[in-house]
Amino acid sequence: MAISITSSSSVIVLVVMIMCCEVLCSPNPQCDPDYPDEGPPIYERDVELLQFAENLEHLEADYFLWGAFGYGLDKFAPDLVGGGPPPIGAQRANLDNQTQSIIGEFGLQEVGHLRALKSTVGGFPRPLLDLSKSNFAKIMDSAFGRKLDPPFDPYANSINYLLASYVVPYVGLNGYKGSNRFIRGYVSKDLLSGLLGVEAGQDAVIRHHLYERGEQLVHPYNITVTEFTNRISELRNNLGMCGIKDEGVFVPPELGAEMRTSSNVLSADRNSLSYPRTPKEILRIVYGTGNESVPGGFFPRGANGKIALQYLKHQD
Ligand SMILES: *[C@@H]1O[C@H](CO)[C@@H](O)[C@H](O)[C@H]1NC(C)=O
Ligand SMILES: *[C@@H]1O[C@H](CO)[C@@H](O)[C@H](O)[C@H]1NC(C)=O
Ligand SMILES: *[C@@H]1O[C@H](CO)[C@@H](O)[C@H](O)[C@H]1NC(C)=O
């Protein structure tokens, strides 16, 4: 009896050891990636659309890395720069510790995004980016329809930096939502949904920070944080030229969820779904010109890749 107990417990021990080894010594067959077994993993149109997104990822990577650390992609991942020119006017921002950690995390996330994109669909050298104070000041002046005095400085403090950040990942998320319907390959879809998830998360973190401080005045202007978000969103809607796809952190109830709330920590449509934007709309916004054929703003020489270059060719 005693022997049989011992032998059955040693059997159990053996089984447990084998199970541990399954987990620790070899990949778990229960968790093999699950891909459809038909159709190409990546289509040609997927490549164009995902490469287009690299423009925005480059903009975010250098803006966040420089803001948090005082240096950018050239130092973190020179292989992803591809010999593109250094960004104009990028600098470290004067951030509080928590904001610095978050922005640093975002910047590092963009490095991963660029690596994933470039290793999956290839890419191009980083386009020339204008991250200068004066470029952001110009954007804010356009948003308010007058010259702010003194000029808006995105690098002066955390709230200014986050207001300037409000300008960026949201447009990326609109772009991924807009591309989604044209993306067909399963590897492309996998990449796009992973990027969309994190871009949306970044946007939510930035918006929440601004939402909490909605009533605060942005020094030295007599303008609240909420009004800044409303004006920037309105500017993007005007430049995009395709109706309302962008909303500040507090809105008239007609624009809120179920048309029942002014609280608008996330920007979304009538059914609370994210708004889509086409590459053309995105270029009009990030160029700041309202014209996808006329470069400017963050991309003084235009964005890169087949889609953006096609529009630039129509320049006269
Ligand atoms: C912020 O971080 C710096 C450097 O790590 C530290 O010296 C400082 O005490 C921190 N400030 C606050 C308010 O936590
Ligand atoms: C600031 O703006 C508020 C609301 O627009 C206005 O009532 C107030 O007079 C302004 N204060 C200054 C100092 O301009
Ligand atoms: C955009 O710019 C191009 C090149 O300057 C011009 O030909 C075109 O008419 C502009 N489009 C609009 C809608 O203004």
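Please refer to the structure higher up on the page.
Residues numbered from 1 in each chain as written. Chains lettered and ligands numbered in written order. Predicted model: local features only at pLDDT ≥ 70, side-chain atom pairs only at ≥ 80, totals over all residues.

A short note on helix H9 (residues 186–212)
The end-to-end C-alpha separation of H9 is 39 Å, in line with the 39 Å expected for 27 residues at 1.5 Å each. Every buried residue belonging to H9 is among Ser-188, Leu-191, Leu-192, Leu-195, Glu-199, Gln-202, Asp-203, Ile-206, Arg-207, His-209 and Leu-210, and all of these are buried. Looking at the buried positions of H9, the neighbouring elements they touch are helix H2 (44–69), helix H5 (97–121), helix H7 (158–165), helix H8 (169–180) and helix H10 (225–240). (Helix = DSSP H or I, 4+ residues; strand = E, 2+ residues; numbered from the N terminus. Expected span 1.5 Å × (residues − 1). Buried ≥ 20, exposed ≤ 12 C-beta atoms within 10 Å, placed from the backbone. Contact = placed C-beta atoms within 7 Å.)

Quick look at H8
If you check H8, its first and last C-alpha atoms are 17 Å apart, about what twelve residues at 1.5 Å a residue would give, namely 16 Å. The buried count for H8 comes to ten of twelve residues, which makes it a mostly enclosed element. Where H8 is concerned, the buried positions are Pro-169, Tyr-170, Val-171, Gly-172, Leu-173, Asn-174, Gly-175, Tyr-176, Gly-178 and Ser-179. On its buried face, H8 sits against H2, H9 and helix H11 (279–287).

Thoughts on the packing of H8 against H9
When two helices pack together, their arrangement is given by the angle between their axes and by how far apart the axes lie. Where H8 meets H9, the axes come as close as 8 Å, and the angle between the chain directions of the two elements is 150°. Classified by the angle between their axes, H8 and H9 sit roughly antiparallel to one another. Of the two elements, H8 crosses H9, and the hand of that crossing is left-handed. Where H8 abuts H9, its residues Pro-169, Tyr-170, Gly-172, Leu-173, Tyr-176, Lys-177, Ser-179 and Asn-180 lie against Leu-192, Leu-195, Leu-196, Glu-199, Ala-200, Gln-202, Asp-203 and Ile-206. Broken down by class, the residue content of the contact of H8 with H9 amounts to nine nonpolar, four polar and three charged. (Axes fitted to C-alpha atoms, helices over the stretch in contact; angles between N-to-C directions. Parallel < 35°, antiparallel > 145°, perpendicular 65-115°, else oblique. Left-handed = near helix turned anticlockwise from the far one by under 90°. Nonpolar A, V, L, I, M, F, W, Y, C, P; charged D, E, K, R; others polar.)

Concerning the packing of H10 against H11
It is the contact of H10 with H11, at a shortest axis distance of 8 Å, that shows an interaxial angle of 125°. Looking at the two axes, H10 sits oblique to H11. Where H10 crosses over H11, the two elements pack in a sense that is right-handed. Between H10 and H11, the contacting residues are Arg-236, Leu-239 and Gly-240 on the first element and Glu-281, Arg-284 and Ile-285 on the second. Looking at the contact of H10 with H11, its residues break down into two nonpolar, one polar and three charged.

Remarks on unusual backbone geometry
Of the consecutive residues Asp-149 and Pro-150, the connecting peptide bond is found in the cis state with omega at -5°. You can see Pro-150 is positioned in the loop between helix H6 (133–144) and H7. Geometrically, the link from His-219 to Pro-220 is a cis peptide bond, its omega value of -5° lying close to zero. When you line up the elements, Pro-220 lands in the loop between H9 and H10. Phi at Met-241 takes a positive value of approximately 60°, unusual for a residue other than glycine. Relative to the helices and strands, Met-241 is located in the loop between H10 and H11. Exposure remark for Met-241: the 13 C-beta atoms within 10 Å place this residue in the partly exposed category. Of note in this structure, Ser-272 is not a glycine but carries a positive phi near 60°. For Ser-272, the position within the fold is in the loop between H10 and H11.

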